[in-house]
Amino acid sequence: AREKFSISVPVRSSREIRHEDRMASLHLAALLLPQAFATTIQTPSPATYVSEMRKSMDLAVYASLATKDVQGTHINSRIIFPKPTNVTGSTDLSKIYFATNIHSRKFKELQPTSSGPPSVNLLYWDREGTGYVSVRGLAVICDKEESTDEYWDGWDSVYPKGADTDFYNLIRIEPMQLEFDSARFDVDVGAERTDWRPLTLIRPSPGAGWVIE
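Residues numbered from 1 in each chain as written. Predicted model: local features only at pLDDT ≥ 70, side-chain atom pairs only at ≥ 80, totals over all residues. Heavy atoms only, no water.

Observations regarding the overall build of the chain
At step 1: Along its length, the chain carries 5 helices and 8 strands.
At step 2: The buried share among the 213 residues of the chain stands at 37%.
At step 3: Contacts in the chain between residues at least 24 apart in sequence constitute 61% of all its contacts with a sequence separation of at least 6.
At step 4: By element, 55% of the accessible surface of the chain is carried by carbon and sulfur atoms, the whole surface being about 13,800 Å². (Helix = DSSP H or I, 4+ residues; strand = E, 2+ residues; numbered from the N terminus. Buried < 20%, exposed > 50% of the residue type's maximum accessible area, 1.4 Å probe, protein only. Contact = heavy atoms within 4.5 Å. Areas by Shrake-Rupley, 256 points an atom, 1.4 Å probe, with all protein chains shown as cover.)

Laid out in structure tokens, this is it:
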């Protein structure tokens, strides 16, 4: 004779069902949350970084300009007072201006050669924001018209007749590479690299837009 057996199925209350459904939903959300963050957190655009760099540069006020000497064997550096980027209006950092004395050593070192305008480096140090912007670019000696149009009254104490001062000339830096590190803007790409290289933007060609290298 066959044994008779019965299966006991527990009866769940509606409250227990709702609780189990809620726990299942929370478990699924926990699994999907990292993936959701991965798809929504994006690297800032070059334009965002450039905007932060401009703010750091203007807060720094001064910059160190490095040039090669006329023999091309040594590097000379000095502090300069560039025209603020918010005055220049160069939102894409396509140009940076500073004034110089035509009798100075740096003016001689900025003369073009047979290969074109010399390459220079500008370094802005944002002390309060614990950061810096390093600019590598070409230095172009401006003509009289551009020197007059882009003269900034912040230089009046050095050039008493403004753009008409006989020893005044304007230099235009055309940036080709930017490096950026800043606690103020939470930019510390170098900390994630074995070579400590900071965030770097380059122009693939003159006049092109910035790209992250």
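Here we look at unusual backbone geometry
At step 1: Even without being a glycine, D186 presents a positive backbone phi close to 55°.
At step 2: For D186, a relative accessible area of 71% corresponds to the exposed category.
At step 3: Unusually for a residue other than glycine, W196 sits at a positive phi of about 65°.
At step 4: By the element assignment, W196 lies in the loop between β6 (168-182) and β7 (199-202).

Concerning the pattern of salt bridges
At step 1: Counted according to the given criterion, the structure contains 8 salt bridges.
At step 2: One salt bridge in this structure joins E150 and K83, with 2.8 Å as the shortest N-O distance. Of the two residues, E150 sits in the loop between α5 (144-149) and β6 while K83 sits in the loop between β2 (75-80) and α3 (85-88), which places them 67 residues apart along the sequence.
At step 3: Residues participating in the shared-partner salt-bridge network are R78, R105 and E109. (Salt bridge = Lys/Arg side-chain N within 4 Å of Asp/Glu carboxyl O.)

Considerations on the packing of aromatic side chains
Two measures describe an aromatic ring pair: the distance that separates the ring centres and the angle between the ring planes.
At step 1: Here the structure, examined in full by the defined rule, presents 8 aromatic pairs.
At step 2: Arranged with centres 5.1 Å apart and planes meeting at 40°, the rings of Y62 and F81 form a pair that is tilted. Here F81 lies in the loop between β2 and α3 and Y62 lies in the loop between α2 (46-60) and β1 (63-68), a separation of 19 residues in the sequence.
At step 3: Classification of Y62 by relative accessible area gives partly exposed; the value is 46%.
At step 4: Arranged with centres 5.7 Å apart and planes meeting at 85°, the rings of W152 and W155 form a pair that is edge-to-face. In this structure, W152 and W155 share a single accessibility class: buried.
At step 5: The structure contains a cluster of three or more aromatic residues connected by ring pairs, namely Y62, F81, Y151, W152, W155, Y159, F167 and Y168. (Phe/Tyr/Trp six-rings, centres within 6.5 Å; stacked < 30°, edge-to-face > 60°.)

Examining α2
At step 1: Taking 1.5 Å of rise per residue, the 15 residues of α2 would be expected to cover 21 Å, and the 21 Å separating its terminal C-alpha atoms lies within 8% of that figure.
At step 2: For α2, every residue scored as buried is listed here: Y49, V50, E52, M53, R54, S56, M57 and A60. (Expected span 1.5 Å × (residues − 1).)

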